[in-house]
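So you can see what is in the structure, the chains are spelled out below.
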Amino acid sequence: MEAVDPAGEFAANLHTLVSHLTERHDDLPTLPTLPAPETVQSTIASLPATLPDAGLGTTATASYLLNDILPGCLSAQNGPNYFGFVVGGVTPAAQLADILVGAYDENVQVTLPGQTAATAIEARVLELVLDLMGVERAKFGGRTITTGATASNVLGMACAREYLYAHSPHLPKDYSFARSGPPSSPNLPSPPIIVLALHPHFSILKAAALVGIGSGPNVVHQIPCQEEDELAFDLAALEKRLAEEKEVGRGVVVVYGLGEVNTGELGRDPPRVAELCRTYGAWLHIDAAFGGFASVVPELRHLVEGMDQADSLTLDGHKWLNVPYDCGLFYTKSAHALPGVFAPVEAPAYLTASSTSAGTAGPQDGQVIHEQVPSPLYVNIENSRRFRALPLLASLMSLGKDGYRDLIRRNIKFAQSIATYLHNSPFYDLLNTYPGADAAKQGIIPLNIVLFAPARGGSLETGAELANAINATRRMYVTATKWRGRGAVRLAVSNWRTGLGGEEEVKRIVGILEEVMRESGKSGM
Ligand SMILES: *Cc1c(COP(=O)(O)O)cnc(C)c1O
């Protein structure tokens, strides 16, 4: 047999990689946000048509990745000038930890007390995130780390489905969809469960489709809202609807987004919505993928008050927490909800030594009681999963509560400065000004997302054209969207480095936006 690494190739290439990453880390603020289109083409052209018989070996492969493949991929999505979607970035500590995750390649699926601390680490990290948010740990006895908010929404919908069928007046008590499949009963309304949502993120619809609730217009309805403002619930109408559905014995999931994707809006009055859900037996799922982190900043906490009253809660790690893809968080009230879906009725023999227990909310301070940590494979979708908790632990430890508070404040301040410029510019319309009197107290926009469009009569007609023109500069990146029927552009601020440059940095971004407008005037686009 050949020696594993005869020429020390691994070490040599690791050194190359370290230099590459160091340089990249320093250059991120000035790297082009997009590769040139020709570079994307050459990367695609460099792909083998079929798998060759002979392998390249480690050194040639490393150089192929660095020289041919990566140049045609996004080089600075985790840089401070990338404002598309809500992508966050990667804190230095998280990046280091993520490299270790790959190197150790531990599969965090089963609690093995005395053999590996991995699941205890994951359990504590899930608690530390609640600490960061100022949410009492005891509020959410069920917790797990997922691949992202989409997977967390799937878990939320699955828990909702189980709860609502178990409490249906038309089915045997504690009916379980997970165990018994789709129910049938002559009195069961059709559809048996509906979703009331406010501009639900697309992933909510996927989740509802996947868990057998359905995602069509007969199932998913808009939460009743005020006529002039669809972001403000009409609580009286919501109560009436919930009462009607209870009357016919239909299950209701209320999905409440904290951090609407276009505007960053946090909605209004979550505690009252939670109270209504409790009164009428509806399940409240709060999708707070990024917006929930407003709670990290004391002066914004009132905006997300009531988040801890959700029956299930989705948060993202790979957005505002700035840990690498993929990482999401899921919380639900009861420690028994997730095992009710994911634990087998009888554990497979080779896993019986591991913990199937639902776990308990541990003491606020003391050590994690490892034996009580449920095996992740009994509370989550995957069996095999990477050690996602490690970068999260690293990032939380490196920044602490203070560091995260500064990060979120800095991002919001930056977004507010850009919004103020756009609001005062004759060329742009700012579309997500914070409503009414609150603006003075709260700032011009709700959170970290700036939603804007070319001023009517300007030369750039649609949001998509404007986004294309901005992105073609390769100096910043935004996403096109539609808001209230109008083409618009979203600029989402969620990278730990954005805003570190203060006023100068705001001026630079504003300068690009002005330049795009001037150029568009010249070209008559
Ligand atoms: C980003 C986002 C999602 C989807 O999250 P992924 O992590 O991409 O799966 C869901 N809901 C909201 C509100 C989001 O912002």
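A quick note: this is a predicted structure, and the numbers were derived from the prediction, not measured. (Residues numbered from 1 in each chain as written. Predicted model: local features only at pLDDT ≥ 70, side-chain atom pairs only at ≥ 80, totals over all residues. Heavy atoms only, no water.)

Peer 1: Mind showing me how you'd approach the packing of aromatic side chains here?
Peer 2: What describes a pair of aromatic rings is the distance from one ring centre to the other and the angle between the planes of the rings. The full count for this structure, using the stated rule, is eight aromatic pairs. Both rings, one in tyrosine 163 and one in tryptophan 283, keep their centres 5.3 Å apart while their planes meet at 50°; by these two values the pair is tilted. Taken together, the positions of tyrosine 163 in helix 6 (residues 149-166) and tryptophan 283 in strand 7 (residues 283-287) put the pair 120 residues apart, joining distant regions of the chain. On the accessibility criterion, tyrosine 163 (31% relative accessible area) is partly exposed. The rings of Tyr165, Tyr175 and Phe177 are connected pair by pair, giving a single aromatic cluster. (Phe/Tyr/Trp six-rings, centres within 6.5 Å; stacked < 30°, edge-to-face > 60°. Helix = DSSP H or I, 4+ residues; strand = E, 2+ residues; numbered from the N terminus. Buried < 20%, exposed > 50% of the residue type's maximum accessible area, 1.4 Å probe, protein only.)

Peer 1: When you look at the site of the ligand in this model, what are you seeing that I'm missing?
Peer 2: In the region of the ligand, 14 residues are neighbours, and Thr150, Asp287, Asp316, His318 and Lys319 sit closest. Here aspartate 287 contributes a side-chain N or O atom positioned 2.6 Å from a nitrogen atom of the ligand. Separating an oxygen atom of the ligand from a side-chain N or O atom of aspartate 316 is a distance of 2.7 Å. Starting from 380 Å² of accessible surface for the ligand in isolation, the protein chains cover 83%. More than half of the atoms belonging to the ligand lie within 2 Å of the grid points that define the second largest pocket. Here the shell around the ligand takes three residues from helix 6, the largest share from any one element. Considered class by class, the residues forming the shell around the ligand number four nonpolar, seven polar and three charged. (Near = heavy atom within 4 Å. Polar contact = N/O pair within 3.5 Å; in protein donor to acceptor, adjacent residues only side chain to side chain. Areas by Shrake-Rupley, 256 points an atom, 1.4 Å probe, with all protein chains shown as cover. 1 Å grid on protein atoms, 1.4 Å probe; cavity = no way out; pocket = protein on both sides within 12 Å on 5 of 7 lines; lining within 4 Å. Sits in = over half its atoms within 2 Å of the grid points. Nonpolar A, V, L, I, M, F, W, Y, C, P; charged D, E, K, R; others polar.)

Peer 1: Which parts of the structure should I look at to understand the UniProt feature "modified residue: N6-(pyridoxal phosphate)lysine" (unreviewed entry) in the protein chain?
Peer 2: Per the UniProt record, the feature "modified residue: N6-(pyridoxal phosphate)lysine" (unreviewed entry) sits at Lys319. For lysine 319, the position within the fold is in the loop between strand 8 (312-316) and strand 9 (328-332). Residue class for lysine 319 comes out buried when judged on its relative accessible area of 15%. (UniProt positions renumbered as here; feature names shortened; annotations may be inferred.)

Peer 1: Explain the pattern of salt bridges here, please?
Peer 2: Counted by the stated rule, this structure contains 23 salt bridges. Measuring nitrogen to oxygen at the nearest pair gives 3.3 Å for the salt bridge that ties lysine 173 to aspartate 174. Here the two residues lysine 173 and aspartate 174 agree in accessibility, since each one is exposed. A salt bridge links glutamate 239 to arginine 272; the nearest nitrogen and oxygen atoms lie 3.7 Å apart. (Salt bridge = Lys/Arg side-chain N within 4 Å of Asp/Glu carboxyl O.)

Peer 1: Explanation requested: the layout of surface pockets in the structure shown.
Peer 2: Its boundaries defined by the atoms lining it, the largest pocket holds a volume of some 1400 Å³. Lining the largest pocket are 39 residues, with His20, Leu21, Arg24, Leu70 and Gln95 sitting closest to its centre. Counting residues per element, the ones that place at least two in the lining of the largest pocket are helix 1 (9-27), helix 3 (58-69) and helix 4 (92-104). Top element by residues in the lining of the largest pocket is helix 1. It accounts for eleven residues. Taken together, the residues of the lining of the largest pocket sort by class into 23 nonpolar, eleven polar and five charged. Along its surface, the second largest pocket is lined by 24 residues, and Phe85, Val86, His201, Val261 and Lys319 are the ones closest to its centre. (Points joined across faces, edges and corners; volume = space filled by probe spheres on them.)

Peer 1: Could you clarify how one ought to interpret empty space enclosed by the protein in this entry?
Peer 2: Empty pockets left among the atoms are what a rolling probe the size of a water molecule brings to light. For the structure shown, the criterion picks out four cavities of 30 Å³ or more. With three residues, the top contributor of residues to the lining of the second largest cavity is strand 6 (residues 251-257). Of the residues in the lining of the second largest cavity, the class split is nine nonpolar, four polar and three charged.

Peer 1: Which parts of the structure should I look at to understand the sheet that holds strand 11 (residues 449-454)?
Peer 2: Sheet strands associate in pairs through backbone hydrogen bonding, adopting either a parallel or an antiparallel arrangement. With antiparallel pairing, four strands are arranged side by side in an open sheet as 10-11-13-12. In this open sheet, the two strands that pair with only one neighbour each are strand 10 (428-430) and strand 12 (479-483). The average angle at which neighbouring strand axes cross in this sheet is 40°, direction not considered. Where strand 11 lies against strand 13 (residues 486-492), four bridges are found, and the strand directions are antiparallel. Across the sheet, isoleucine 449 pairs through a bridge with alanine 492, a residue of strand 13. In this fold helix 14 (residues 463-472) packs onto strand 10, strand 11, strand 12 and strand 13, with an angle of close to 35° to the strand it touches most, strand 13. (Pairing = 2+ DSSP bridges. Axes fitted to C-alpha atoms, helices over the stretch in contact; angles between N-to-C directions. Contact = heavy atoms within 4.5 Å.)

Peer 1: In this structure, what is going on with the domain arrangement of the protein chain? I would like to understand it.
Peer 2: Note: interface size is frequently given as the accessible area lost on complex formation between the parts. Its domain assignment divides the protein chain into domain 1 (6-30 + 35-73) and domain 2 (403-519). Between the C-alpha centres of domain 1 and domain 2 there is a distance of 34 Å. (Domains from an automatic or database assignment.)

Peer 1: Just to check I follow, could you spell out the packing of helix 5 (residues 118-133) against helix 12 (residues 389-424) for this structure?
Peer 2: To characterise two packed helices, one gives the angle between the axes of the helices and the distance between these axes. Running from amino to carboxyl end, helix 5 crosses helix 12 at an angle of 25°, the nearest separation of the two axes being 10 Å. Relative to helix 12, helix 5 is oriented roughly parallel. The element helix 5 and its partner helix 12 pack so that their crossing is left-handed. When helix 5 is examined against helix 12, the residues Ile121, Glu122, Val125, Leu128, Val129, Asp131 and Leu132 are found in contact with a partner set consisting of Ala389, Leu392, Leu393, Leu396, Lys401 and Tyr404. The residue inventory of the contact of helix 5 with helix 12, partitioned by class, reads ten nonpolar, no polar and three charged. (Parallel < 35°, antiparallel > 145°, perpendicular 65-115°, else oblique. Left-handed = near helix turned anticlockwise from the far one by under 90°.)

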